[in-house]
Amino acid sequence: MPHFSIPIVIIGSGPAGCTCSLQLSKQGIHHWLMDKESFPRDKVCGDGFGYRVMRTLKEIDGLFPQKFFPQTSHSPIAGIRIFAPNRKFLQFTFQEALDPLMPPGFTCTRRDFDNYLYQSTSSTYCSKKNPVTIVDILKRNEGYEITYREETDLLQHVRCQLLIAADGEQGISHKYIGSKTVKAPLIAARAYFKGVGGIDKRLIEVHFLKKSIPGYVWLFPLEDDRVNVGLILPRTLVKEKEIHVRQFLTRLLQEDPLFAERFAQARPISGTKGWSLASKFVPSSLCGDHYLLVGDRANLVDPITGEGIGNAVWSGYQAAKAANEALQKQDFRAAFLKQHYADIIGKQLSKEFAFSKKLGFLLRYPFILNIIASSAQKRGWLYRSLMKLFGYGKRG
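All residue numbers here refer to positions counted from 1 along the written sequence of the relevant chain. In view of the model being predicted, local features appear only for residues whose pLDDT reaches at least 70, and side-chain atom pairs are presented and counted only at 80 or more, with totals across whole chains, interfaces and linings using the full set of residues. Remark: hydrogens and water are excluded; side-chain values derive from all non-hydrogen atoms of the structure.

**Overview of the environment of Asp 289**
Strands here mean DSSP runs of E at least two residues long; helices mean DSSP runs of H or I at least four residues long; both are numbered from the N terminus. Inspection of the secondary structure assignment puts Asp 289 in the loop between strand 18 (287–288) and strand 19 (291–293). A relative accessible area of 40% places Asp 289 in the partly exposed class. Along the chain, Asp 289 and Ala 334 lie 45 residues apart, while their C-alpha atoms are 4.4 Å from each other. Aside from chain neighbours lying at most four places away, what touches Asp 289 is Lys 139, Tyr 144, Phe 332, Arg 333 and Ala 334. Within 3.5 Å is the distance limit for a polar contact, defined as a pair of N or O atoms, with the added protein rule that one can donate a hydrogen and the other accept it, and that residues adjacent in sequence qualify only through two side-chain atoms. Only 2.7 Å separates the side chain of Asp 289 from the backbone nitrogen of Ala 334, close enough to count as a polar contact. Only protein chains enter the calculation, and the probe is 1.4 Å; a residue is then buried if its accessible area is under 20% of its type maximum, exposed if over 50%, and partly exposed in between. Throughout, a residue-residue contact means that at least one pair of heavy atoms, one from each residue, lies within 4.5 Å.

**Side note on the pairing of strand 14 (residues 216–221)**
In terms of residue burial, strand 14 counts as a mostly covered element, since six of its six residues are buried. The alternating pattern of strand 14 places Tyr 216, Trp 218 and Phe 220 on one face and Val 217, Leu 219 and Pro 221 on the opposite face, and all of these are buried. One bridge is not enough; two strands pair if DSSP finds at least two bridges between them. Note: strand 13 (residues 203–207) against strand 14, three bridges, orientation antiparallel. Its bridge partner being in strand 14, Glu 205 is matched across the sheet by Leu 219. The turn linking strand 14 back onto strand 15 (residues 226–234) is made up of four residues, and Asp 224 within it adopts a positive phi angle of 65 degrees.

**Description of the nonpolar core**
Ile 8, Val 9, Phe 68, Phe 113, Leu 163 and Leu 292 are the most contacted members of the largest nonpolar core, which has 73 residues in total. A per-element tally of this core places helix 8 (residues 309–329) first, with 11 residues. To form a nonpolar core, buried Ala, Val, Leu, Ile, Met, Phe, Trp, Tyr and Cys residues must be joined to one another through side-chain atoms within 4.5 Å. Counting 23 residues, the second-largest nonpolar core is a separate cluster that includes Ala 191, Leu 209, Leu 249 and Leu 253.

**Regarding the sheet that holds strand 7 (residues 105–107)**
Reading across from one edge, 3-7-4 is the order of the three strands in this open sheet, with antiparallel pairing throughout. Bordering the open sheet on either side are strand 3 (48–49) and strand 4 (75–77), each of which pairs with just one other strand. Of the pairings in the sheet, the one linking strand 4 to strand 7 comprises three bridges and is antiparallel in character. Looking at strand 7, one finds that Pro 76 is bridged to Phe 106.

**Description of the pattern of salt bridges**
What counts as a salt bridge is simple: a side-chain nitrogen of Lys or Arg found within 4 Å of a carboxyl oxygen of Asp or Glu. Considering all chains together, one arrives at 16 salt bridges under this definition. We note a salt bridge from Arg 159 to Glu 145, for which the minimum N-O separation is 2.6 Å. A residue pair is termed long-range when its members are at least 10 positions apart, and Arg 159 in strand 11 (residues 155–165) and Glu 145 in strand 10 (residues 143–149) qualify at 14 residues. Among the salt bridges present, the one from Glu 205 reaches Arg 262, with a minimum N-O distance of 2.8 Å. On the criterion of sequence distance, the pair formed by Glu 205 in strand 13 and Arg 262 in helix 7 (residues 257–262) is long-range, its members being 57 residues apart. Just as Glu 205 is buried, Arg 262 falls in that class too.

See below:
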């Protein structure tokens, strides 16, 4: 059985895992990047990218925007419309949208974005292993041993001092490290359409409807007249009202007068897919002896909006910086990793998620949503807070 040793192994090659790999390579640290799938691959998502995504990637490579945007199919976002239940809307616009090389937000299919990040990882410091099947993960005194197989049935092993789990809410690492899998509190559905009426390609839309509150319907424009259309709902509401989320999305598009008119000539170009969103964020659970959790594996999805890509990318970046500290000090204890990783993530996201939860309580009442939409027009703190909530305002 072939046996290898490497300082760091990352399980999962999504945005969190690849960002971590990019920063590790920048720091000159050899590592493995493992994934069960080949790239490019589809990933069910809203396909919206906020300010934190590109800001973090630019920290790693100052020229990342200049490299990324000309090479990928994307749509720069200049603002957001939030529709209240009374169907009046509040519109945010961003001055930064005037810069085509660094828009505050953009839309891009996860297939394209994830593949670009994956292909950008360095072959000098990063050994890519995919597709692989992980058979076992064992704790050793000096770290972890991972047993896996590639295309053949031959079992292979790799040992690492630090294991970084970036394999999502339902990833294999749940069986071996960290807290056990819990039911995600948010459920979503997504489909692609062409020919949707009334679309402004510079704006994303969020619709709070009486039937879906505190969840919402989104319309995110993509290139080539495509629109990512989706719905996010709390699991408690789904269970209480016995909602079939994918069918519920279809029904909302047919029954709501505004949607019915806009989708009259639209045609679906994909099936409707559902998934759950990991937002049970607990700062103390982000690390342990010889391991770190990042992205959806760390439950970093916003508990109200469902936005998670920005937090995933940022957590991968912070994990790589913490890994560098751990390697230099040769200290992989939970207490050391907490100081250099979990405390940093917790300090930032605890404040953001606390605001989301407070707003989420208010969102349960349609008349309050109508008031919020009117009040935020004054562009005060509420306006700025809502921008940040949906990932398009400047924050850490």
